[in-house]
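Each chain is listed here by its residues.
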Amino acid sequence: PETKRWKGKGNPEERAAIVQEEEEDVELGGQGDAVPAIETKLQEDEQHWLLGNRRCIVILVIYVMISGLSLSTDEVFSLWLLTPEEKGGLALETGAIGVIFASAGGLLLVFQLFVGPSAVDAVGGIVEAQLLGFAALAGLLFLLPYTGMLPLEIRWYGVVVVYFIRNAAQYFIFSSNQTLLNRTVDPKYRGRINGLAMTFGSTAKAVGPIGATMVFAWSLRDHGVLPVSERFYFEISALCSAAAAFVSWWYRAELTTLL
């Protein structure tokens, strides 16, 4: 019977391959035909782990936007502080600008160490913290250039306080966004999604300041009847933050299910 079985089956190597295939089929409980279907399903999951995940894409886009907006605003803010007063700036020296950034940074450090985590819990959770952060950021970006209109005696304090609160709002956004991003995908894909976030975020940080400074320089020119001033960049950034706040509010129910 064994000779009859192998009749016309070719060389010993082909026979050994047939025996191995039969043994594997027995080990799988006779489900050898199901293996290709399982592999196909796994391949489909590999292809759609991101594109088929709407919540993940929304959170990723928000992260990329705030990454570029954060660094762009820092660059434009420093340029605005250097801008002559007749152009709508504060005409500060570089040393004074350094003091403003250092003061706001010191306040932010204290906030992160002693206030930030409890503040996130106080507003209701990370979804609400992201929404509140974008809403506050929109208002603060709009108000930031108006601090130059404050009386000279309190102008510095106003600039530092508004800039610090803007940084605190970004703390709410970044800390919440990272948590949500990691929870929108299966644990085995977290390395990939964080890698994508860092890649796209770094690209936004590289390209954003270039475009932002060009927009700010353009806004300082005389545009005749166009309603454009030195505040133009800050107004556009405020609109972007308001749009992100709306998206966070729109998807708040879906994002809450991740927690």
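Look up a bit, the structure's there.
Just so you know, these numbers come straight off a predicted model, no measurement behind them.

**Q** Even after reading the chapter, I still don't get the side chain of S219, so can you show me in this structure?
**A** Along the chain, S219 turns up in helix α8 (residues 190-219). Beyond its immediate chain neighbours, meaning those up to four positions away, S219 contacts V228, S229, E230 and F232.

**Q** Just checking my understanding: could you explain the pattern of salt bridges for this structure?
**A** Where charged atoms from two side chains of opposite charge approach closely, those side chains can pair. For the structure shown, the criterion picks out two salt bridges. With a shortest N-O distance of 3.2 Å, E230 and R231 are connected by a salt bridge. In this structure, E230 and R231 share a single accessibility class: buried.

**Q** Please explain the nonpolar core as it appears in this structure.
**A** Residues F77 and L81 are the most contacted members of the largest nonpolar core, which totals 55 residues. Looking at this core, the elements with two or more residues in it are α4 (54-82), α5 (94-122), α6 (126-143), α7 (152-183), α8 and α9 (232-250).

**Q** Help me out: how do you make sense of unusual backbone geometry in this one?
**A** Most peptide bonds take the trans form, and the phi angle of most residues other than glycine is negative. Of note in this structure, A91 is not a glycine but carries a positive phi near 55°. Structurally, A91 is set in the loop between α4 and α5. Accessibility expressed as a relative area gives 40% for A91, which makes it partly exposed.

**Q** It is not clear to me how α8 should be interpreted in this structure. Could you clarify?
**A** Working note: α-helix, 3.6 residues per turn, so residues spaced by three or four point in the same direction. When the terminal C-alpha atoms of α8 are compared, their 41 Å separation across 30 residues agrees well with the 44 Å that a helix rising 1.5 Å per residue should span. Along α8, the largest kink reaches about 30° and is centred on G208; proline P209 follows within four residues of it. Listed as buried for α8 are I193, A197, G201, A204, P209, A212, F216 and S219. Packing partners of the buried residues in α8 comprise α4, α7 and α9.

**Q** Quick question: what am I supposed to make of the packing of aromatic side chains here?
**A** What characterises a pair of aromatic rings is the spacing of the ring centres plus the angle enclosed by the ring planes. Following the criterion strictly, the structure yields 16 aromatic pairs and no others. Residues W80 and F234 carry aromatic rings whose centres are separated by 6.3 Å and whose planes lie at 75° to one another, so their mutual orientation is edge-to-face. Placement of the pair is W80 in helix α4 and F234 in helix α9, with a sequence separation of 154 residues. Summarising the burial analysis for this pair, W80 and F234 share the class buried. In textbook terms, an aromatic cluster arises when at least three aromatic residues are bridged by ring pairs, as seen for F77, W80, F101, Y163, Y233 and F234.

Quick notes on the rules
Residues numbered from 1 in each chain as written. Predicted model: local features only at pLDDT ≥ 70, side-chain atom pairs only at ≥ 80, totals over all residues. Heavy atoms only, no water. Helix = DSSP H or I, 4+ residues; strand = E, 2+ residues; numbered from the N terminus. Contact = heavy atoms within 4.5 Å. Salt bridge = Lys/Arg side-chain N within 4 Å of Asp/Glu carboxyl O. Buried < 20%, exposed > 50% of the residue type's maximum accessible area, 1.4 Å probe, protein only. Core = buried A, V, L, I, M, F, W, Y, C linked by side-chain atoms within 4.5 Å. Expected span 1.5 Å × (residues − 1). Bend = angle between axes of the 7 residues up to and from the residue. Phe/Tyr/Trp six-rings, centres within 6.5 Å; stacked < 30°, edge-to-face > 60°.

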